[in-house]
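Working through the structure, step by step
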Amino acid sequence: MIEPTVTLPPKRVRRAPVRRSEPPRGTPGAVRFPVLAVAFVCAACGLVYELELVALASSLMGDSVTQASVVLSVMVFAMGVGSLLAKRLRCRAAVGFGMVEAGLALIGGCSAMVLYAAFAWFGEPRYVVVAFSLAIGVLIGAEIPLLMSLLQRSAGAAGRSSARPSVRPSVRSPARSAVRSAAPSVRSPTSSARSARAGRSGRSVRQDPPGEQDDAAGTVADLFAADYVGALVGGLAFPFLLLPWLGQLTGALVTGAVNAVAGGGLVLWVFRHELTPRSRTLLVAVNVSVLAVLATATVLVDDFEQAARRAVYGDHVRVAVHTELQEVVVTGGVEGPPDLFLDGRLRVSGQDEYRYHEALVHPSMNGGRTRVLIVGGGDGMAAREVLRYPGVRSVTVVELDPGVVRLARTDPALARLNARAFRDPRVRVVHADAFHWLRGAATAVRDRYDVVISDLPDPGITRSTKLYAQEFYGLVSQVLTRSGRLAVHAGSVTDRPRTFWTVDATLHAAGFATRPYSASGRARGAGRGPVDWGFLLAVPGSRPPTLGLAPDAPRLRSLDEDLLDAAARHAERRRSGGLPPSTLVHPRYGD
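The following paragraphs examine the structure supplied in this document. Within every chain, residues take consecutive numbers counted from 1 along the sequence as written. A pLDDT threshold of at least 70 governs which residues receive local features in this predicted model, and a stricter bar of 80 or more applies before side-chain atom pairs are shown or counted, although totals over entire chains, interfaces and linings include all residues. Hydrogens are left out, water is left out, and the side-chain values use all remaining heavy atoms of the structure.

Our next topic: the overall build of the protein chain. In terms of regular secondary structure, the protein chain is built from 18 helices and 11 strands. Of all 591 residues assigned to the protein chain, the portion counted as buried reaches 47%. What makes two residues a contact is simply this: any of their non-hydrogen atoms within 4.5 Å. Restricting to contacts in the protein chain with at least 6 residues of sequence separation, those with at least 24 account for 75%. Accessible surface computed for the protein chain: about 30000 Å², of which carbon and sulfur atoms make up 58%. Secondary structure is summarised from DSSP: a helix means a run of H or I of at least four residues, a strand means a run of E of at least two, and numbering begins at the N terminus for each. Exposure categories follow from relative accessible area, calculated using a 1.4 Å probe and restricted to protein chains: below 20% of the type maximum is buried, above 50% is exposed, and the middle band is partly exposed. Only the protein chains shown count as cover for residues, with accessible areas throughout obtained via the Shrake-Rupley method and a probe of 1.4 Å.

Rendered as structure tokens:
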């Protein structure tokens with residue numbers, strides 16, 4: 001007798017849980033931190049390049065507002081272009097990022113030297129600034145997209161290696177299969193395809209955890225956070241560490257070297273599995289070449305500066321120092337008349353400086369002159385002219401840069417030219433911003449000043465623009481006596497008439513009455529300079545001052561009553577009316 005076969009229900013075979021190993025290199029756990037660290041370093045380096053371009057362009061060409069606007073706007077536009085161009089490098093993101101960082105290190109690191117060379121040998125480097133802003137911006141803009149591609153690729157590889165579908169044999173009873181097939185379900189096309197393939201192979205698929213989909217958003221947030229914090233550190237490191245310790249040229253070169261090491265190290269170590277032997281060799285060669293160029297430039301930077309100075313100032317550079325604010329250069333022999341340059345601009349010419357300082361000082365000394373305030377004048381020449389009057393008891397010089405005063409006091413040629421004015425016991429030097437100093441002096445000064453002399457560079461080309469504003473002249477009026485006088489250097493009447501008459505309008509808006517006059521410009525052989533220097537003599541009130549020399553004025557080499565009358569008529573013939581005053585919030589010295 002044959003017994004019927006009884007089919008027993010299948011037993012579920014349980015497999016022991018698989019213990020996951022540590023994530024291999026290339027998974028998010030091992031890749032994210034070095035990528036964020038490099039994003040931090042690259043962001044700091046990128047902002048240093050940006051600030052270095054703004055600072056050096058402002059120093060060489062003046063008008064810091066224009067230079068900052070040009071560099072920032074062009075660089076931000078170029079960053080957008082770089083982000084778009086990075087799409088073409090996503091298929092080879094590791095090699096692309098390594099090459100981008102090498103190029104950024106080379107271009108950004110050498111930008112200061114090239115910019116200074118263009119200024120020294122070719123004049124104003126306006127187009128060079130724009131070209132560097134474009135190139136650096138394009139390379140910076142490509143960084144984040146390429147890093148995101150590398151992170152996504154690493155996350156995908158980690159998902160395939162550590163989160164593979166859990167495969168187990170399935171033995172299903174006919175009844176259970178029927179129930180499952182009859183149950184309604186809503187599946188995505190991808191899930192349906194995966195289930196169909198699993199059904200044909202007799203296997204079941206475990207879905208990826210939903211949290212992994214949210215991890216991409218967290219990665220983007222971490223990457224941008226590292227980028228922004230790095231920009232903060234770079235922005236603070238430039239003025240407080242790199243600029244005072246290394247200077248603009250060496251600071252940019254060192255920043256480029258750090259950039260190259262960070263970018264090259266990330267690709268050649270963390271993402272080395274994505275490089276072919278040929279790509280690895282190429283990246284090593286490129287990074288070594290970039291570092292060699294930057295190191296060579298760092299070694300030769302002092303020789304380069306000397307050659308550039310000779311191109312700008314001639315072969316007789318005797319003193320060249322970088323103060324906290326500017327570059328100060330003295331040319332000429334110890335026995336001959338010196339020339340003083342501030343940031344590449346001739347400030348004092350030893351051959352004809354007396355023309356300027358006699359015209360600036362002596363018309364304002366016609367009257368009471370017991371206490372005199374000089375705004376600027378760190379070279380000591382204006383103080384020299386003031387001290388020629390025996391009735392002067394006190395001279396206060398408010399100069400922002402202590403390095404200029406120190407040089408004028410200790411350099412033999414400059415000290416001889418200013419008659420050692422800073423050694424006179426009547427002279428007191430205050431190192432401060434004149435605007436902020438006057439705000440405190442307006443209430444703290446007991447004895448007001450009989451004469452205030454504004455011995456400043458032309459408005460509109462330096463940081464002293466606010467010292468030509470209506471608010472500044474309002475502060476001056478508070479420290480003047482009722483019969484006090486203010487003498488202002490206002491630029492060239494002939495070369496920059498709009499600027500000159502804007503200063504005049506600003507003084508009127510601050511409650512002064514003015515008399516314009518001028519003095520002839522540079523003497524022949526004294527270097528490039530304006531056709532004339534323009535000055536304004538101002539007094540509080542509505543009645544213009546009397547323009548003349550004091551009866552006890554010392555003998556002057558370039559000025560007398562007749563020449564002063566002719567200078568006043570020369571300025572009046574070029575009068576431009578209807579100009580608005582310049583204020584702190586609306587400066588009008590941009591021509």
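Next comes the rest of the description.
For an α-helix the count is 3.6 residues per turn, leaving residues at separations of three or four pointing the same way. One less than the number of residues in a helix, times 1.5 Å, gives the span that helix is expected to have. Given a rise of 1.5 Å per residue, 12 residues ought to cover 16 Å, and the 17 Å separating the end C-alpha atoms of helix H18 (residues 561-572) matches this to within 8%. By the criterion applied in these results, polar contacts are pairs of N or O atoms within 3.5 Å in which, for protein atoms, one can donate a hydrogen and the other can accept it, and in which residues neighboring in sequence qualify only through two side-chain atoms. Near the N-terminus of H18, the side chain that reaches the backbone nitrogen of Asp562, with its oxygen 3.2 Å away, is that of Asp560.

Another point: the sheet that holds strand E2 (residues 327-331). Within a sheet, adjacent strands bond to each other through the backbone by hydrogen bonds, running parallel or antiparallel. Strand pairing requires that DSSP identify at least two bridges connecting the strands. Ordered by their spatial adjacency, 4 strands build an open sheet running E1-E2-E3-E4, and the pairing between neighbours is antiparallel. The sheet is open, and its two borders are formed by strand E1 (317-322) and strand E4 (345-349), each paired with just one other strand. Across the sheet, the axes of successive neighbouring strands diverge by a mean angle of 20°, strand direction being ignored. Alignment of E1 against E2, held across 5 bridges, turns out to be antiparallel. Along E2, the bridge assignment pairs Val321 with Val328. To define axes, lines are fitted to C-alpha atoms, for helices over the stretch in contact only, and angles between the resulting N-to-C directions are given on a 0 to 180 degree scale.

Note on terminology: a nonpolar core comprises buried Ala, Val, Leu, Ile, Met, Phe, Trp, Tyr and Cys residues joined through side-chain atoms within 4.5 Å. Core analysis: the largest hydrophobic core is formed by 63 residues, its most contacted members being Val35, Phe97, Leu223, Leu266 and Phe271. When residues of this core are traced back to their parent elements, those giving at least two are helix H1 (28-61), helix H2 (64-85), helix H3 (93-122), helix H4 (126-141), helix H5 (143-162), helix H8 (211-270), helix H9 (277-299) and helix H10 (301-313). Looking at this core, the element that brings in the most residues is H3, giving 16 residues. Every residue in contact with Leu223, bar those within four places of it in the chain, is listed here: Val35, Leu36, Ala39, Ile144, Leu147 and Met148.

What follows concerns the packing of H3 against H10. The N-to-C vectors of H3 and H10 enclose an angle of 25°; their axes lie 8 Å apart at closest approach. The orientation of H3 with respect to H10, classified from their angle, is roughly parallel. Of the two possible hands of crossing, H3 and H10 adopt the one that is left-handed. When H3 is examined against H10, the residues Met113, Tyr116, Ala117, Phe119, Ala120 and Trp121 are found in contact with a partner set consisting of Phe304, Ala307, Ala308, Arg309, Ala311 and Val312. The scheme is simple: roughly parallel for angles under 35 degrees, roughly antiparallel for over 145, roughly perpendicular for 65 to 115, oblique for anything else. Here is the rule for handedness: rotate from the far helix to the near one, and if that takes an anticlockwise turn smaller than a right angle the crossing is left-handed, while a clockwise turn gives right-handed.

At a closest axis distance of 6 Å, the pairing of H2 and H4 adopts a crossing angle of 35°. The way H2 lies across H4 gives a crossing that is right-handed. Between H2 and H4, the contacting residues are Gln67, Val70, Val71, Val74, Met75, Phe77, Ala78, Met79, Val81, Gly82, Ser83 and Leu85 on the first element and Arg126, Val129, Val130, Ser133, Leu134, Ile136, Gly137, Val138, Ile140 and Gly141 on the second. Its residues placed into classes, the contact of H2 with H4 shows 15 nonpolar, 6 polar and 1 charged. Lys, Arg, Asp and Glu make up the charged group, whereas Ala, Val, Leu, Ile, Met, Phe, Trp, Tyr, Cys and Pro make up the nonpolar group; the residues left over, Gly among them, are polar.

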